[in-house]
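# A look at the structure
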Amino acid sequence: MKKIISSLIVASVFFSNLNAQSDSKEEQLYRPNFHFSPKKGWMNDPNGLYYKDGVYHLFFQYYPDGNKWGPMHWGHATSKDLVKWEEQPLALSPDDLGYIFSGSAVVDKNNTSGFGDSKNNPVVAIYTYHNPNREKDGKIDVESQGIAYSLDNSKTWTKYASNPVLQNPGIRDFRDPKVFWDAKRQQWIMVLAAQDRTHFYASKNLKDWTFQSEFGKEEGAHGGVWECPDLFPLKVEGTNEEKWVLIVNINPGGPNKGSAGQYFVGDFDGKTFKTDELFNQQLHKEKAAWLDWGKDNYASVSFDNIPQDKRIIIGWMSNWEYCAGSSYGSVAQQYDRGKGSFTQKNKRRLYPQECSRFPAKKLSGEIHNEKNQCKT
């Protein structure tokens, strides 16, 4: 069955489970075998994904004290194969600046932040502070961006004393920073969801950020608030041409109602993202390009520091349409989406080379021809 999937080179999708985990055979019977789920509490968006020293690190939106959404923390789990996950101690907790909303993590190999020491390069988490007190008072600027760092592979974290590193410019929904190293221009890039568009910022040290541009006010789907963006390059199949994929999640406004993820194909020059001409033709006709036409793949973001420039993505396997305000849970499901790729001639779409419900494999990423099939 042919299917438009997206820029998922290797994808993991993750779904929510709110029942406390026990050792009972009955509960283990109903926990998926190839998924991550916390021992107890609520989880939603995957956050801070990175790979280092042979270990995949998965952080996630987490409320440890109840089975409904509550004050957000970052939970933490690790894996060596993307299949078997081991839950770790809580990573980040709310403080005076607010709840710890979604974000990303990077391996600062060159110690640009100055947080490292003679033996350890820091891992730096970049996340959104959501201030519930300002929200209660009816303020608009309730969200800002903060950072924390770890020198022991995320066993412990230190929050930056001068947080927030990016103040709110007067936008109600200003969140979910995805940061990556732009090696060509020797700078960090942050793509941030800003209500109905994305903002791009640049930094040399992860502490001082400068606004570069915005994208999307009149592009793609706008049935809800834009959230959890990601930006990365992929090669066009059979060529040396490189295109950039911008993922933007939206809630509500998905193709089957509720929350969903869309993507854009284009070019990025270190400051500005512009959609590809062929992709524009597709977008004009179809209005949006969806990562997934199903209802249970939201907030998909990719890992930092994967060897050989591979692209591994994890999404939340649930939907805000029916999980919010209920004791409905969160679990994570692995999805092997094959090699994501673009069509080269008359369309710019992302297709999987193969699609199957098996644990994620280590695959390289490309941008493929339209003839590829998705076998289910």
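The coordinates are above.
## With respect to the nonpolar core
- The biggest cluster of nonpolar side chains holds 30 residues, and the ones touching the most others in it are Leu 231, Leu 246, Tyr 263, Phe 264, Phe 268 and Phe 273.
- Elements supplying a minimum of two residues to this core: strand E11 (187-194), strand E12 (198-203), strand E14 (225-235), strand E15 (242-251), strand E16 (260-268) and helix H3 (277-286).
- For this core, the element with the highest residue contribution is E15, accounting for six residues.
- Those residues in contact with Phe 268 that lie beyond four places of it in its chain are Phe 180, Arg 185, Ile 189, Phe 200, Leu 231, Trp 244 and Phe 273.
- Tyr 149, Val 179, Met 190 and Trp 209 belong to the second-largest nonpolar core, a separate cluster that totals 18 residues.

## Section: the sheet that holds E11
- Taken together, the four strands give an open sheet; going across it, the order is E10-E11-E12-E13, and neighbouring strands pair in antiparallel fashion. The open sheet has two free edges, formed respectively by strand E10 (174-182) and strand E13 (210-215), since each of these has just one partner strand. Each adjacent strand pair in this sheet contributes to an overall mean axis angle of 25°, direction not counted.
- Bridge analysis of E12 against E13 gives five bridges, and the strand direction is antiparallel. Within E13, the position partnered with Thr 198 by the bridge is Phe 215.

## Re the environment of Ser 102
- Mapped onto the secondary structure, Ser 102 falls in strand E6 (residues 99-107).
- The class for Ser 102 is buried, based on a relative accessible area of 4%.
- Through-space distance from the C-alpha of Ser 102 to that of Gly 48 is 8.1 Å; in sequence the pair is 54 residues apart.
- Excluding anything up to four places from it in sequence, Ser 102 contacts Asp 45, Asn 47, Gln 61, Trp 74, Tyr 127, Thr 128, Asp 176, Pro 177 and Cys 228.
- A polar atom in the side chain of Ser 102 sits 3.0 Å from the side chain of Asp 45.
- Only 3.0 Å separates the side chain of Ser 102 from the side chain of Asn 47, close enough to count as a polar contact.

Here is what the cut-offs are and how they apply
Residues numbered from 1 in each chain as written. Predicted model: local features only at pLDDT ≥ 70, side-chain atom pairs only at ≥ 80, totals over all residues. Heavy atoms only, no water. Core = buried A, V, L, I, M, F, W, Y, C linked by side-chain atoms within 4.5 Å. Buried < 20%, exposed > 50% of the residue type's maximum accessible area, 1.4 Å probe, protein only. Helix = DSSP H or I, 4+ residues; strand = E, 2+ residues; numbered from the N terminus. Contact = heavy atoms within 4.5 Å. Pairing = 2+ DSSP bridges. Axes fitted to C-alpha atoms, helices over the stretch in contact; angles between N-to-C directions. Polar contact = N/O pair within 3.5 Å; in protein donor to acceptor, adjacent residues only side chain to side chain.

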